[in-house]
Amino acid sequence: MITRRAVPVGAGVLVIAGALGAAAAEPTPAPTGAPATAPVGDYEPTVESLSRHETPEWFTDAKLGIFIHWGPYSVPAYAPPGGGARPGSDVYAEWYWYEMNQPGSPTHQHHAETYGEDVPYDAFVEQWNPVRFDPEQWLDLFADAGAEYFVLVSKHHDGVALWDSDTTDRDTVAMGPRRDLVADLFEAADDRSMRTGLYYSLAEWYHPAGGWDPPRGHSLEEGPVNPYTGDPVPYTGYVPVSDDVLDHQYPQMLELVDRFDPDIIWCDIGPHVPHNSNEFMAFYYNQAKNRPQPKDVAVNDRCGNDVHDFVTREYRNQPAIDPNPWEATRGLGRSFGYNAEEGPEVYLSADQLIDSFVDTVSKNGNLLLNIGPMADGSIPDIQADRVRALGAWLDVNGEAIRGATYWTRADDAHSNVPVRYTVNDGVLYATALQWPGEELVLSGEVPLAAGSTITLLGSGGEPLPWRRDGRQVTVTMPAAGAAATTSEHAYTFEISTPGLTDVRDVVRTSLDVPDSAEPGESFVATATVTNPGDRHSASVRVELGVPAGWSVAPRRDVLGPMAPDESATAEFVVTPPAGTATDQYQLTVVTSAAHVGQVTGAPVVVGFESAVDVVAPAKLSPGVMAVEGAEYYVDRDVTLRSLPAELRGATMIRGANDDKRLTDPEYLVVDARRDLDLYVALDPRGAPENGGWWPAWLEELGFRPTGEEIASAGDDAQPALRLFKLERPVAAGERIVLGGNGATTGSSGTYVTFAVPR
């Protein structure tokens with residue numbers, strides 16, 4: 001059964017802080033039963049004290065949690081698939097009440113046509129009848145998914161609490177379901193090993209003593225109105241309070257901890273409204289610590305007080321490894337709450353879900369995957385099928401995921417299929433997000449020795465043949481193909497080396513070379529080697545490889561044994577011969593310590609001179625050489641995977657995913673240094689047939705489609721870009737003005753420009 005008790009908290013002053021600033025108030029009495037003096041080491045309600053709290057190890061090991069959005073919004077179950085009045089909330093069905101209050105929005109129109117202008121949102125509370133809610137079945141599904149924890153939305157922005165709250169009758173016991181839904185789920189979870197969590201919105205849109213209007217911050221203090229007539233409507237179940245923080249928000253948060261003892265408190269909207277989060281977090285941390293059997297708890301980064309145990313990212317992943325704990329959260333479709341308008345085409349496929357999950361873990365994150373039950377409490381079959389597919393994949397590949405951490409890199413720029421790396425118990429794992437075919441190609445940076453084995457999980461444990469060739473490692477796949485493993489959708493390879501207890505202790509090497517060089521002129525290449533382990537390394541040797549015909553001195557260097565955390569450098573003087581053709585060339589450094597070796601490379605461009613001067617914006621200057629592997633965004637991890645032959649070696653003016661919009665008439669201004677042909681490449685999702693952004697200047701200036709495409713690679717890779725060419729040549733000295741970057745219109749990315757000398 002759920003433990004209900006009074007819990008001690010450290011003394012401190014109440015601080016209400018939010019988007020409108022901070023203000024001090026009288027000290028808040030400690031909850032009943034608090035000791036007269038706080039135990040030694042208690043957390044105080046200050047940022048400095050709370051920041052001492054450490055993220056629980058169980059959280060960083062868990063990797064997968066289940067989010068549950070379920071409320072009155074599950075009755076209309078509506079959000080327009082194409083978007084609504086306000087970017088962000090328009091696709092979220094749980095934002096139904098807010099969107100129906102925005103004249104002109106699809107939800108505003110839908111509500112009038114479907115229910116009538118005189119039907120208030122609160123009518124859905126009474127229509128919410130969870131006759132098929134079975135907590136045990138929910139928990140069985142979460143377990144089938146392989147989840148280690150769940151987070152239930154205890155109250156969303158509509159203010160309807162899913163438990164028997166003392167501060168209001170706007171809850172599911174006094175209204176609608178007439179059940180304490182939080183208690184039902186938590187009691188069912190009592191005899192399970194799964195950790196528990198509660199989401200709590202610190203804001204309520206139309207709370208009469210302190211509503212929240214997102215575009216303007218904490219500004220509504222008048223209660224809800226009929227969006228069609230403007231007449232006031234009841235805030236059903238409201239018990240009048242003089243202060244929404246002290247008399248409602250903060251007491252409710254204490255109730256959740258005292259009654260349900262969650263392992264996670266998942267705040268929302270705290271940065272945008274007044275709150276008492278310092279006092280609450282001190283209470284939460286101390287009650288977990290000051291008990292006969294202490295427990296480790298965690299709080300996310302949305303309580304509004306700049307203190308957290310982990311960072312949340314909504315519907316987006318980290319672009320790269322973050323060594324600090326973080327969590328990606330998203331639904332299987334575009335909404336958290338159940339949206340009946342979303343068809344199967346909107347949902348992630350099992351393949352996409354597994355790819356996203358592996359990507360998250362490779363960057364040190366957890367995935368909090370949302371389930372949106374229907375109003376009756378049943379979970380849609382398509383959602384259940386997806387999470388069970390994820391669980392089935394984990395049954396085969398879980399050793400690369402559960403309890404895993406990150407390696408030196410998350411992905412592999414040299415692999416023949418997308419790959420994500422993880423480390424567990426010192427062993428390196430490479431997960432291919434597609435079946436590689438006859439061979440899997442990995443980067444030479446993978447540390448290997450003569451006795452290393454590479455094994456495909458789910459295939460019986462027979463090592464696969466492998467070889468190292470220059471900057472790459474090639475693994476021969478089983479003759480039976482993907483049928484050789486019981487895994488589906490993604491395929492994990494265990495890379496094990498005898499005598500190597502932890503792959504993270506292998507020395508790491510980076511190679512620094514100039515962005516460009518000239519034929520016949522020498523430059524310095526610097527190899528930096530670091531020992532990340534906690535023991536002295538074996539003697540380290542480095543050798544630089546250069547293209548045929550180039551000179552290098554010295555060719556190799558011995559750095560000797562290296563102490564823990566020590567770094568050392570080796571410098572090499574490199575000279576490309578006179579007459580070297582303009583192109584991008586690769587240098588490689590082979591590093592070996594004892595029996596383990598790895599290969600690291602870096603590109604250097606020889607003889608390139610930009611065909612244009614970028615006048616504006618400055619951030620897109622200078623132009624870079626267009627070759628496979630070149631980065632084509634200035635602020636995102638995206639590179640060129642393939643190029644039409646006529647563009648290789650051209651000057652590329654990279655794009656930027658910034659705040660420029662269609663209304664900027666001169667987004668990109670360049671001066672031609674020589675006669676040239678001009679090309680632009682655009683994201684096809686913005687094409688007119690897709691109802692998105694397609695720049696008017698494209699046709700006005702005379703750009704025409706070539707029928708060719710440019711493929712991209714990287715964490716934020718887009719669909720293949722469509723290529724357009726300016727019909728007329730550009731003369732030397734001419735200024736070219738391009739406009740309209742649609743990166744933030746919600747329907748397209750930016751564009752990339754290429755200048756090809758004639």
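Scroll up to find the structure this text is about.
Because the structure is predicted, anything quoted here is derived from the model rather than measured.

Moving on: the side chain of Asp213. As for its placement among the helices and strands, Asp213 is situated in the loop between strand S5 (195-201) and helix H8 (245-260). Every residue in contact with Asp213, bar those within four places of it in the chain, is listed here: Tyr98, Ser219 and Leu220.

Here we come to the sheet that holds strand S7 (residues 298-299). Pairing is parallel in the open sheet, where eight strands are placed in the order S7-S6-S5-S4-S3-S10-S9-S8. Here the strands that pair on one side only, and so sit at the sheet edges, are S7 and strand S8 (311-314). Strand direction decides the pairing type here: S5 and strand S6 (residues 264-268), joined by five bridges, are parallel. Across the sheet, Ser201 pairs through a bridge with Asp268, a residue of S6. Across the face of the sheet, H8 comes into contact with strand S4 (149-155), S5 and S6 while running at roughly 170 degrees to S5.

What follows deals with the sheet that holds strand S28 (residues 624-625). Read from one edge of the open sheet, six strands run S28-S30-S37-S32-S35-S33, paired in antiparallel fashion. The sheet is open, and its two edges are formed by S28 and strand S33 (703-710), each paired on a single side. Pairing of strand S32 (residues 676-682) with strand S35 (residues 721-726), which is carried by four bridges, proceeds in the antiparallel orientation. Among the inter-strand pairings, Leu682 is bridged to a residue of S35, identified as Arg722.

With that out of the way, let us pick up the state of the cysteines. Summed over all chains, the structure comprises one disulfide. Linked covalently through their sulfurs, Cys267 and Cys303 form a disulfide whose S-S length is 2.0 Å. The S-S bond linking Cys267 to Cys303 shows a torsion near 70 degrees; that makes this disulfide right-handed. Placement of the pair is Cys267 in strand S6 and Cys303 in the loop between S7 and S8, with a sequence separation of 36 residues. Each member of the pair, Cys267 as well as Cys303, is classed as buried.

To continue, consider the packing of aromatic side chains. Across all of its chains, the model carries 41 aromatic pairs by this definition. With 5.9 Å between their ring centres and 80 degrees between their planes, Trp58 and Phe59 make a pair best called edge-to-face. For Phe59, a relative accessible area of 1% puts it in the buried group. Residues Trp58 and Tyr149 carry aromatic rings whose centres are separated by 6.2 Å and whose planes lie at 70 degrees to one another, so their mutual orientation is edge-to-face. Of the two residues, Trp58 is situated in helix H2 (residues 57-62) and Tyr149 in strand S4; the sequence distance between them amounts to 91 residues. Overall, Trp58 belongs to the buried group, its relative accessible area being 12%. One residue, Arg170, lies across the ring of Tyr235, its end atom 4.0 Å from the ring centre.

Looking now at the pattern of salt bridges. In this structure the tally under the stated criterion is 34 salt bridges. Taking the shortest distance from any N to any O, the salt bridge between Arg170 and Asp122 comes out at 2.8 Å. With Arg170 in the loop between S4 and helix H7 (181-189) and Asp122 in the loop between helix H4 (106-114) and helix H5 (123-127), the pair connects residues that are 48 residues apart, well separated along the chain. Accessibility assignment for this pair places Arg170 and Asp122 in one class, buried. Among the salt bridges present, the one from Asp184 reaches Arg179, with a minimum N-O distance of 2.8 Å.

Cut-offs and rules
Residues numbered from 1 in each chain as written. Predicted model: local features only at pLDDT ≥ 70, side-chain atom pairs only at ≥ 80, totals over all residues. Heavy atoms only, no water. Helix = DSSP H or I, 4+ residues; strand = E, 2+ residues; numbered from the N terminus. Contact = heavy atoms within 4.5 Å. Pairing = 2+ DSSP bridges. Axes fitted to C-alpha atoms, helices over the stretch in contact; angles between N-to-C directions. Disulfide = S-S within 2.5 Å. Buried < 20%, exposed > 50% of the residue type's maximum accessible area, 1.4 Å probe, protein only. Phe/Tyr/Trp six-rings, centres within 6.5 Å; stacked < 30°, edge-to-face > 60°. Lys NZ or Arg CZ within 6 Å of the ring centre and 35° of its normal. Salt bridge = Lys/Arg side-chain N within 4 Å of Asp/Glu carboxyl O.

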